[in-house]
Amino acid sequence: MANTVLKIPSIISSTAVKYSKSSFNSSLIQGYGLRHICNCWSAATVSQRQPQIRSPQLVALEYADLTIPHIVCEELGALRVRQHVNPLSASLSIPVEVPNWEDVFEDPKLPLVVDIGSGSGRFLMWLAKKNPRSKNYMGLEIRKKLVTRAEKWVKELALSNIHFLFANASISFKQLISTYPGPLMLVSILCPDPHFKKRHHKRRVLQKPLVDAIVDGLMPGGQVFIQSDVLEVAIDMRRYLDAESDKLVHVDNIDSSLLCDDAGWLKSNPMGIRTEREIHAEFEGAKIYRRMYQKLS
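Caption draft 1: Expanded view of the packing of helix α3 (residues 55-62) against helix α10 (residues 276-283). Their axes nearest at 9 Å, the elements α3 and α10 cross at an angle of 135°. If you check the angle between α3 and α10, you find them oblique. Of the two possible hands of crossing, α3 and α10 adopt the one that is right-handed. Contact residues: α3 offers Ser55, Pro56, Leu58, Val59 and Glu62, while α10 offers Glu276, Ile279, His280 and Phe283. When the residues that make up the contact of α3 with α10 are grouped by side-chain class, the tally is five nonpolar, two polar and two charged.

So this is what it looks like as structure tokens:
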């Protein structure tokens, strides 16, 4: 007789325990309830449960080189931030003040990598640590607490080629890039806020003005990397960039080693490190939709 899987709540056991329908039929489960069945489970089963790895542990493993696994910042306390922010609000409509590039980067003429919506910043910090003398990195984020913590982490890591700004990229990107002394090498937009409701689609970060600013600002051969675990959002971003076919080409047309699936999505992340959102999503079994474009010479 076929077996059914009964998942015991983690307070009792984190293992999935098989039982026969001849012993526990559906009426018994409905009559006594899952709690009664769990309470009757033997202590031996509980003691035999195996520890299960969780996605935060996977994030810590992936970013172990940074040695900043702590979530609590001494000055900020336990950090809680809003997951969804309206980029069209009045408080985010003012362009950020352009920094003195010589103050924020040791060598402000190095090629620049910009991550729009940099979140915790660990993705960009990992890259900055791997390339300390060949590239500069800038994260733009509209949640101020994340920027404050990221800057403190940068100081802890003693990195001189990375800077985070509390800025709305839709408002400030063009001005920032136009004043940067070096070339713009790469722009990434990774798992941005999906803003699911149709009336909120105008809040999505990648709109035509920002696309124009990115394409115009990129150096010849510069790249744009987009990804999302939400297909609708990935298609929306792809539509904007595919429309720039006179200026941009997808990288699989240049580098045959970068493989795509039948729908044209990159099969793997070409950056060498996954974002935290990417790790969480893949842990939950979600597919990541990726595209990378290169500016024509």
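After presenting the structure, the write-up continues.
Caption draft 2: Examining empty space enclosed by the protein more closely. In the structure shown here, the tally under the stated rule is one cavity of 30 Å³ or more. Each pocket or cavity is described by its volume, and for the largest cavity that value is around 40 Å³. Across the lining of the largest cavity, the residue classes tally to five nonpolar, no polar and three charged.

Caption draft 3: Expanded view of the pairing of strand β8 (residues 184-190). Counting buried positions over the seven residues of β8 gives six, a clear majority of the element. Inspection of the sheet shows strand β5 (residues 112-116) paired to β8 by five bridges, in the parallel sense. Within β8, the position partnered with Val113 by the bridge is Leu186. Two elements, β8 and strand β9 (residues 218-228), share six bridges in a ladder whose sense is parallel. Directly across from Val187, in β9, lies its bridge partner Val224.

Caption draft 4: Layout of the environment of Leu165. Note that Leu165 resides in strand β7 (residues 162-166). Between the C-alpha atoms of Leu165 and Leu140, which are 25 residues apart in sequence, the distance is 5.2 Å. Each residue touching Leu165, except ones within four places of it in the same chain, is listed here: Pro99, Met138, Gly139, Leu140, Glu141, Val147 and Leu176.

Caption draft 5: A look at unusual backbone geometry. Not every positive phi belongs to a glycine, and Thr67 is a case in point at roughly 55°. Its relative accessible area of 58% is what places Thr67 among the exposed residues. Even without glycine at this site, Cys191 takes up a positive phi of about 50°. Secondary-structure assignment places Cys191 in the loop between β8 and α8 (208-217). Taking the relative accessible area as the measure of exposure, Cys191 reaches 16% and is therefore buried.

Caption draft 6: The arrangement of the sheet that holds strand β6 (residues 136-141) in detail. The strand order across the open sheet built from seven strands is β7-β6-β5-β8-β9-β11-β10, with neighbouring strands paired in mixed fashion. Whereas interior strands pair on both sides, the edge strands pair on one side only; in this sheet they are β7 and β10 (248-250). The sheet shows a mean angle of 20° between the axes of neighbouring strands, taken without regard to direction. Relative to strand β11 (residues 289-295), β10 runs antiparallel, the two being bridged by three bridges. Within the sheet, the bridge partner assigned to His250 lies in β11 and is Tyr293. Helix α6 (residues 144-157) contacts β6 and β7 of the sheet and is inclined by roughly 160° relative to β7.

Caption draft 7: Broad picture of the pattern of salt bridges. Scanning the entire structure with this criterion turns up 17 salt bridges. Here Asp216 ties to Lys247 by a salt bridge, and the two come within 3.9 Å at their closest N and O atoms. In this pair, Asp216 is assigned in helix α8 and Lys247 in the loop between α9 (231-242) and β10, connecting sequence segments 31 residues apart. Across the salt bridge formed by Asp242 and Arg291, the nearest N and O atoms sit 3.2 Å from each other. One end of the pair, Asp242, is in helix α9; the other, Arg291, is in strand β11, with 49 residues separating them in the sequence. With a relative accessible area of 7%, Arg291 lands in the buried category.

What counts as what
- Residues numbered from 1 in each chain as written.
- Predicted model: local features only at pLDDT ≥ 70, side-chain atom pairs only at ≥ 80, totals over all residues.
- Heavy atoms only, no water.
- Axes fitted to C-alpha atoms, helices over the stretch in contact; angles between N-to-C directions.
- Helix = DSSP H or I, 4+ residues; strand = E, 2+ residues; numbered from the N terminus.
- Parallel < 35°, antiparallel > 145°, perpendicular 65-115°, else oblique.
- Left-handed = near helix turned anticlockwise from the far one by under 90°.
- Contact = heavy atoms within 4.5 Å.
- Nonpolar A, V, L, I, M, F, W, Y, C, P; charged D, E, K, R; others polar.
- 1 Å grid on protein atoms, 1.4 Å probe; cavity = no way out; pocket = protein on both sides within 12 Å on 5 of 7 lines; lining within 4 Å.
- Points joined across faces, edges and corners; volume = space filled by probe spheres on them.
- Buried < 20%, exposed > 50% of the residue type's maximum accessible area, 1.4 Å probe, protein only.
- Pairing = 2+ DSSP bridges.
- Salt bridge = Lys/Arg side-chain N within 4 Å of Asp/Glu carboxyl O.

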